Amino acid sequence: MSLESEELGSLLAVIGDEDTCVGFLLGGIGEVDEDREANFMVVEKDTSPDQIKACFKKFLKRPDVAIILINQVYADMIRPTVDAHSRAVPTVLEIPSKQQPYDASKDSILKRAQSVFSPPEWRY
């Protein structure tokens, strides 16, 4: 872990397909700590929902992760776990992937925000 990120405690973690992870890694978010734990997970065709859930929970427990980016298609695979997360940090952001366009009606953060800021008749 770099000294700068350890001081700030502000890493991004990514759970996504290969294209998503490569894009963010090229943007400079890649980090491997002293225990050789990376802050990203490339989901392959044979990756099980249990493996995704285990990685998601591992990122939730890491004190140096402030934001978790997850492709919405994989968030759907572990939806109860994603929806159960209610803390502000780490923030969980669902992002689109090549396989599936973004669906705002499934986004847990957007649902929470709409329930706070909108009248009942505007809610999904």
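Preceding this paragraph is the structure being described.
None of the values given here were measured: they were computed from a predicted structure.

Trainee: Can you tell me about the overall build of the chain, naming the residues and giving the values?
Mentor: Check the secondary structure of the chain and you find six helices and four strands. Shown N-terminal to C-terminal, the secondary structure of the chain runs as helices and strands in the order α-β-α-β-α-β-α-α-β-α. Of the roughly 7400 Å² that the chain leaves accessible, carbon and sulfur atoms contribute 58%.

Trainee: Help me get a handle on the environment of Val82, residues and values and all.
Mentor: Looking at the element boundaries, Val82 is found in helix α5 (residues 79-84). Counting along the chain gives 25 residues from Val82 to Asp107, while the straight-line C-alpha distance between them is 9.5 Å.

Trainee: Account for the environment of Gln100, with residues named and values stated.
Mentor: Among the structural elements, Gln100 can be located in the loop between β4 (91-95) and α6 (108-117). Placed 28 residues apart in sequence, Gln100 and Gln72 show a C-alpha to C-alpha distance of 7.9 Å.

Trainee: Residue-level account of the nonpolar core, with values.
Mentor: Counting residues in hydrophobic clusters, the biggest one holds 18 residues, and the most contacted among them are Ile15, Ile52, Phe56, Ile68, Ile70 and Val92. When residues of this core are traced back to their parent elements, those giving at least two are β1 (11-16), α3 (49-61), β3 (65-71) and α4 (72-77). Looking at which element gives the most residues to this core, the answer is α3, with five residues. Core analysis: the next-biggest nonpolar cluster, separate from the first, contains five residues, Cys21, Ile29, Leu69 and Ile95 among them.

Trainee: Tell me what's going on with unusual backbone geometry, and back it up with residues and numbers.
Mentor: Across the junction of Val89 and Pro90, the peptide omega takes the value 0°, indicating a cis bond. With respect to the helices and strands, the residue Pro90 is situated in the loop between α5 and β4. If you check the backbone angles, Arg36 has positive phi at about 65° while not being a glycine. Mapped onto the secondary structure, Arg36 falls in the loop between α2 (18-26) and β2 (40-42). The class of Arg36 is exposed, set by a relative accessible area of 69%.

Trainee: Tell me about the pairing of β3, residues and numbers included.
Mentor: Taking burial as the measure, the seven residues of β3 include six buried ones, the bulk of the element. As judged from the five bridges shared by β3 and β4, these two strands associate in the parallel manner. In the sheet register, Ile70 faces β4, and the bridge partner there is Glu94.

Trainee: Can you tell me about the pattern of salt bridges, naming the residues and giving the values?
Mentor: If you walk through the whole model with that rule in mind, you get six salt bridges. A salt bridge links Asp19 to Lys98; the nearest nitrogen and oxygen atoms lie 3.0 Å apart. In this pair, Asp19 sits in helix α2 while Lys98 sits in the loop between β4 and α6, placing the two residues 79 residues apart along the sequence. Overall, Asp19 belongs to the partly exposed group, its relative accessible area being 44%. A relative accessible area of 69% means that Lys98 is categorised as exposed. Measuring nitrogen to oxygen at the nearest pair gives 3.0 Å for the salt bridge that ties Glu37 to Lys58. With Glu37 in the loop between α2 and β2 and Lys58 in helix α3, this residue pair connects regions lying 21 residues apart in the sequence. Residues participating in the shared-partner salt-bridge network are Asp76, Arg79, Asp83 and Glu94.

Conventions and cut-offs
Residues numbered from 1 in each chain as written. Predicted model: local features only at pLDDT ≥ 70, side-chain atom pairs only at ≥ 80, totals over all residues. Heavy atoms only, no water. Helix = DSSP H or I, 4+ residues; strand = E, 2+ residues; numbered from the N terminus. Areas by Shrake-Rupley, 256 points an atom, 1.4 Å probe, with all protein chains shown as cover. Core = buried A, V, L, I, M, F, W, Y, C linked by side-chain atoms within 4.5 Å. Buried < 20%, exposed > 50% of the residue type's maximum accessible area, 1.4 Å probe, protein only. Pairing = 2+ DSSP bridges. Salt bridge = Lys/Arg side-chain N within 4 Å of Asp/Glu carboxyl O.

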